[in-house]
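Below, each chain spelled out in residue letters.
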Amino acid sequence: MGDFTLTVRAGHPDFLDLPWDRSIVKWDTPRLIDLPKGISRHEVRFLGYDQGIYAVKELPTEPARTDYQVLRALEDSAAPAVTAVALVEQRSDDPTEERAAALITKYVDFSFSYRELLEGPGFGPRRRQMLAAFAGLLVELHVAGCFWGDCSLSNVLYRWDAMAIEALMVDAETAEIHDRLTDGQRHEDVEIMIVNVAGGMADIAASQGADIDDADLGLGEEIADWYHWLWDETTSEIVIGAEERYKITERIRRLNELGFTVDEVDLIPVDGGTKLRMRPIVGGRVYNTARLRELTGLEASEWQARQILSDLHYFAADRDAATGSGKAVAAIQWRVSQFEPLLDRIRAENPSGDPIQGYCDFLHYRYVASQAAGFDIGNDAAFAQWVDAGRPG
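Draft legend 1. Geometry of the packing of helix α2 (residues 127-143) against helix α3 (residues 183-207). With their axes 11 Å apart at the nearest point, α2 and α3 run at an angle of 150 degrees to one another. Taken together, the axes of α2 and α3 are roughly antiparallel relative to one another. Relative to α3, the crossing made by α2 is right-handed. Where α2 abuts α3, its residues Phe 134, Leu 138 and His 142 lie against Arg 186, Asp 189, Val 190, Met 193 and Val 197.

Structure (structure tokens):
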């Protein structure tokens, strides 16, 4: 099979059963799985193992190394990116050859490319979700010290996150990790994004036979506006007076509501100690995910976790009023009596779907139906109506 080198992380297959002496284009292994994929400058194929599904991408050595190292670093900082599990090198005597190396990443369940969100030459009513998802992704990467250098529609994976969309970095071949990005690096990354997104929207319009005037060429500019607002929210300093310490809690709560974790707060004396300058040290958007895991042991993405926590808090408030039980006990009772039974019913209705997303869809339907009725209609009635309506999201 040749003298290739293979770096594999623990907990994954060794991938030694694959014909690394040949380009993945020529593979005929029974491991191959046909799955939808977006546009990529490199060949990508999917593999099935007992441990799960993996994506293998073939590319020259240097960009493959960069891709692997950046994705590993982003995983360590809990930034939104695919998980790199293996790097294959020395598959060719020429390191610049397309088949010289390969990167293997964990397949992201229930993910899709941007083309699955399209409605005509644009994103229709999902446009606002796209703006928020893209801007949030870029902010999180920059908070983690990642200069992307090639942010585009096709370099991102998407998946439903309750009523929002979650965006994850896929290609990190051009990326760089720094302790902290300068304003110049951030602004350069945003400008690259604007150009790439405009080009992507023009390509979409052309592929659908639409006039260039119908292309959503301003999408990137609006993403940039969202980005600048979100960056200011997460990183700007505020000065608080000696009697305004409550503003520290207010600021942390607002950041938590946006999903960001506040790792620590720097309080810097100013004006002879009569005031403090507050500078939050912000982590990725995993606050609600971590909170849900802490209370229940459940795993969900950020906005799914936020919606599920609302259901838990509603249950806990009602149960606490009746029994006086604490949050920890209420969380166990909610999971046993509410969450798990409903999740089983959702799986039975849609075995191939994402059950956590299905639960969030049901919660949204129950809220809307109760609001329309003017009273809480309850899980059983809401579930029957939701199924009859085709399980709307």
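Draft legend 2. The arrangement of the sheet that holds strand β2 (residues 32-33) in detail. With respect to topology, 6 strands assemble into an open sheet ordered β1-β5-β6-β4-β3-β2, the strand pairing being antiparallel. The sheet is open, and its two borders are formed by β1 (5-8) and β2, each paired with just one other strand. Looking at chain direction, strand β5 (residues 84-89) and strand β6 (residues 101-106) are connected through 4 bridges and run antiparallel. What sits directly across from Val 88, in β6, is Ala 102. Of the strands in this sheet, β1, β4 (52-59), β5 and β6 are in contact with helix α1 (residues 61-76), which crosses β5 at around 160 degrees.

Draft legend 3. Looking closely at the state of the cysteines. According to the stated counting rule, one finds 0 disulfides in the structure shown. The thiol of Cys 151 is not disulfide-bonded; the next cysteine sulfur, from Cys 146, is found 10.0 Å away.

The rules behind each value
Residues numbered from 1 in each chain as written. Predicted model: local features only at pLDDT ≥ 70, side-chain atom pairs only at ≥ 80, totals over all residues. Heavy atoms only, no water. Axes fitted to C-alpha atoms, helices over the stretch in contact; angles between N-to-C directions. Helix = DSSP H or I, 4+ residues; strand = E, 2+ residues; numbered from the N terminus. Parallel < 35°, antiparallel > 145°, perpendicular 65-115°, else oblique. Left-handed = near helix turned anticlockwise from the far one by under 90°. Contact = heavy atoms within 4.5 Å. Pairing = 2+ DSSP bridges. Disulfide = S-S within 2.5 Å.

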